[in-house]
Amino acid sequence: MTDLVKNYIRTIADFPHEGIQFRDVTTLFADARGFRLAVDQLLHPYAGMRIDKIVGLEARGFILGGAVAHQLSAGFVPIRKKGKLPGAVISEAYTLEYGEAVMEIHDDAIREGEKVLIVDDLLATGGTAEAAIKLCGRLGAQIVGCAFVIDLPDLGGRARLEGLGMNLHWLAEFEGD
C-alpha cells in the first residue's frame, strides 16, 4: 500500500484518552491535493467495475463515500448511528470496547443483487464495518469490497473482515492504536 496519503494525516497523542494515538483525517480532507489523492486511490481498484451504491459509514465515511460515489457514478447510501435516519430502517448491534452500539440503514436503500462498496476512514477493530456488512447483506447486496483510508492492523479489524471473506483496500497503515 502507498504511504503518500499517510503524509497528510495528523496524529494527536492522548486523544480521546491517555495512551491513544488518534489518527486525524481532517488534515487530509482540508488539503485539496491530499483529499483528491485519497479519493482517487480509494476508488482505483474498483474503476471499471459495476458498482451500484457506495455505502458510507458515519461520519467521515460520508465525506469519502460521497466523493467516491460521484467519481464512480454510483449512488450513495449512509449507514448511521441509531435514531439518525428518518423513515423505515433495519438495525444491527455491534460491540464496542465498553458496551454496544447500533447502526441503521434505510430498509429500501439497496435492492437485491446491487453491487456495493463500503467506505470509511478507519479500520480499527472492525465492529462498525462488520455491522455495515451485515446490514447490506440483509438487504441482498453483493459487497465488492471495503475501502479505508487507514488500517490499524494491531487492533484486529483486518483479520476480522477477511474472516468474513471481504476484499479489503486501504491507503495507509499505522502500527499500534
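Here, every reference points to the structure presented above.
Summary of the structure given here.

The rules we used
Residues numbered from 1 in each chain as written. Predicted model: local features only at pLDDT ≥ 70, side-chain atom pairs only at ≥ 80, totals over all residues. Heavy atoms only, no water. Phe/Tyr/Trp six-rings, centres within 6.5 Å; stacked < 30°, edge-to-face > 60°. Buried < 20%, exposed > 50% of the residue type's maximum accessible area, 1.4 Å probe, protein only. Helix = DSSP H or I, 4+ residues; strand = E, 2+ residues; numbered from the N terminus. Contact = heavy atoms within 4.5 Å. Lys, Arg positive; Asp, Glu negative; His and termini not counted. Salt bridge = Lys/Arg side-chain N within 4 Å of Asp/Glu carboxyl O. Polar contact = N/O pair within 3.5 Å; in protein donor to acceptor, adjacent residues only side chain to side chain.

In this section: the packing of aromatic side chains. The final tally for this structure, using the stated rule, is three aromatic pairs. Between Phe 15 and Phe 22, the ring centres sit 5.2 Å apart and the planes meet at 85°, which makes this aromatic pair edge-to-face. Of the residues examined, Phe 15 reaches a relative accessible area of 42% and is grouped as partly exposed. When its relative accessible area of 24% is taken as the criterion, Phe 22 is described as partly exposed. For the pair Phe 62 and Phe 76, a centre-to-centre distance of 6.2 Å together with 85° between the ring planes defines the contact as edge-to-face.

Looking now at the environment of Ile 118. Structurally, Ile 118 can be placed in strand E7 (residues 115–123). The buried category is assigned to Ile 118, whose relative accessible area is 0%. For the pair Ile 118 and Ala 132, spaced 14 residues apart in sequence, the C-alpha separation works out to 7.7 Å. What Ile 118 contacts, discounting residues up to four positions off in sequence, is Val 55, Leu 57, Ala 132, Ile 133, Cys 136, Ile 143, Gly 145, Cys 146 and Ala 147.

Okay, the side chain of Glu 104 next. Note on placement: Glu 104 falls in strand E6 (residues 99–106). Buried charge without a salt bridge: Glu 104, with Lys 82 as the nearest opposite-charge side chain at an N-O distance of 5.3 Å. There is a polar contact of 3.0 Å between the side chain of Glu 104 and the backbone nitrogen of Gly 83. A polar atom in the side chain of Glu 104 sits 2.9 Å from the side chain of Ser 91. In this view, Glu 104 contacts Pro 78, Ile 79, Arg 80, Lys 81, Lys 82, Gly 83, Lys 84, Leu 85, Val 89, Ile 90, Ser 91 and Leu 135; residues no more than four positions away in its chain are not counted.

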